[in-house]
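Fold and geometry: a report
One-letter residues, chain by chain:
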Amino acid sequence: MLWIIMTKEFLEKVLTLRFFVALILSIVLTIVSVVVLSEDYAQEFADYHLRTQMHAETSNEQLIAVDRKPSILTALFQGITKGAARSVRLLIGFQPKIIETIDDNPFSVLFPTVDLTFIIGIVMSLLALLFAYDAVCGEREMGTLALIASQPIKKPMLILGKWLGGYFSLILPCSVGWILGLLILSMHPHIQLSVTDWSALGLIIVGALLYLACFFALGILISTLTTRPSTAIVVLLFLWTLFVFVIPNLSPNLAKTFSPIPSFSTHSHEMTLAQTEVEHQRQRWHDAVALEVIDKRLTWADGKKLLLNIEARSTSAQDKTLSNIIQAYHRKIRRQEQIASGIAALSPYACFTFFTTQLAASHFENDAKFIAATERFENEYFADTPSYFQTLVSPGEGTEKSFFFYTEPTIPERLKLALGPLSLLLLYTGLCLIGGYAAFMRYDVKS
């Protein structure tokens, strides 16, 4: 009996206009997105090689620029790639400075990139609600639900059959689009997916299936709680707008209210004041050394040693002071990001976005890891390099310098970060399923 109900529900959905629309949207949007973004990735990869060659030719003992290789999965899931750091300049005695980002099109702010996260998270979730909004109340209004319930079938079997049949009818058009998109990507001459990339893609597909199951279960829940399809669709559209647009976009503003941070101008002014104070201290030390040289009538060699010691102390004090200010500022930013992420996690769409970007290495935490890697490399690269006030080492002299090589996180590392959003998706899906089941047990099937 379960198979009969599933088949009936599946065929009813497949033979409707909404299924045809879902199929066309899935195929067209996915193919166009993959073709455009794969070409963008190929161009960015070529630019990466050009940048590394150019920076290798212009680097020296006291200045070097390091570059980040683009992640291949950005051809499917952009994340924050457009605003992420791709080149960082390292200068001895200064903090790393981002000198290039990928976003060179101002229209991307007004019109976000249509990647698979957008297609699945927004378009397919809306289709999931359209597939489910009349699953219960629609049949009740037509009188077919009472006819089915009059047969020797239990209510749990009936709601399970309707859920599975409708869900498979939704996944079919989505899967066709995904398969065609992956085939096009795998045939691209400049894109070679590794085992890590395929593993990440497999996990993302699992997350996408769970995400769509969440919205389909939400549709079944509201369809069970209402008596008319028109009422169900209005309620579902309200909830879809709330979960997809309102909560994710409102979370940064709420985070700013709960955990404000100084503006960039205020932070820069604080840095300038700290540098000025250190410079005044250095001048006082210089004056004291000059008096000591005159009073003790020291030789030029002894006086030079004292001056070099003052410069070293001044540089160390400046580095420590600026480092403390920068770290305090970054802690405030990180705190605000955590609050915003916590608020946004109330939305299944935000959880799905966090999940996909973590696995695709296009999350803001991956960008922070790249910056941290450049800072570690800076300490290693300049470990034996003299400061600016000392004689520059000519090419070929001094210790041999290491090369910067940044690798993206492994699958276990990515999955560890993505488990939180995935767990929330499981929770939301389970709540909707349980709620729909409980509501259907109390539902009056008579029209």
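Scroll up for the structure.
Heads up: these notes are all about the structure in this document. Just so we're clear, the structure is a prediction, and the values are computed from it rather than from any experiment.

1. As for the pattern of salt bridges
Following the criterion strictly, the structure yields 12 salt bridges and no others. In this structure, the salt-bridge partner of arginine 18 is aspartate 134, at a minimum N-O distance of 3.1 Å. Taken together, the residues span a long stretch of sequence, with arginine 18 in helix H2 (residues 17-58) and aspartate 134 in the loop between helix H4 (116-132) and helix H5 (137-142) at a distance of 116 residues. Using a relative accessible area of 23% as the deciding quantity, one classes arginine 18 as partly exposed. In this structure, aspartate 67 engages arginine 51 in a salt bridge whose closest nitrogen and oxygen atoms are separated by 3.5 Å. One end of the pair, aspartate 67, is in strand S1 (residues 63-67); the other, arginine 51, is in helix H2, with 16 residues separating them in the sequence. Accessibility classification places aspartate 67 together with arginine 51 in one group, the buried group. Each of the salt bridges in this network shares a partner with another, and the network as a whole consists of Lys8, Glu9, Glu12, Lys13, Glu139 and Lys162.

2. Considerations on the nonpolar core
Counting 79 residues, the largest nonpolar core has Leu76, Leu170, Tyr211, Leu212, Phe215, Phe216 and Leu218 as its most contacted members. Elements that contribute at least two residues to this core include exactly H2, H4, helix H6 (144-149), helix H7 (155-186), helix H8 (195-225), helix H9 (229-258), helix H12 (348-359) and helix H14 (411-441). Among the elements that take part in this core, H8 stands out by supplying 16 residues, more than any other. Residues contacting phenylalanine 215, with those up to four places away along its chain left out, are Ser125, Ala128, Leu129, Trp240, Phe243, Val244 and Pro348. If you look at the next biggest cluster of nonpolar residues, it comprises 13 residues, including Val66, Ala85, Phe382 and Phe404.

How each quantity is defined
Residues numbered from 1 in each chain as written. Predicted model: local features only at pLDDT ≥ 70, side-chain atom pairs only at ≥ 80, totals over all residues. Heavy atoms only, no water. Salt bridge = Lys/Arg side-chain N within 4 Å of Asp/Glu carboxyl O. Helix = DSSP H or I, 4+ residues; strand = E, 2+ residues; numbered from the N terminus. Buried < 20%, exposed > 50% of the residue type's maximum accessible area, 1.4 Å probe, protein only. Core = buried A, V, L, I, M, F, W, Y, C linked by side-chain atoms within 4.5 Å. Contact = heavy atoms within 4.5 Å.

All we've got here are geometric facts, nothing functional implied.
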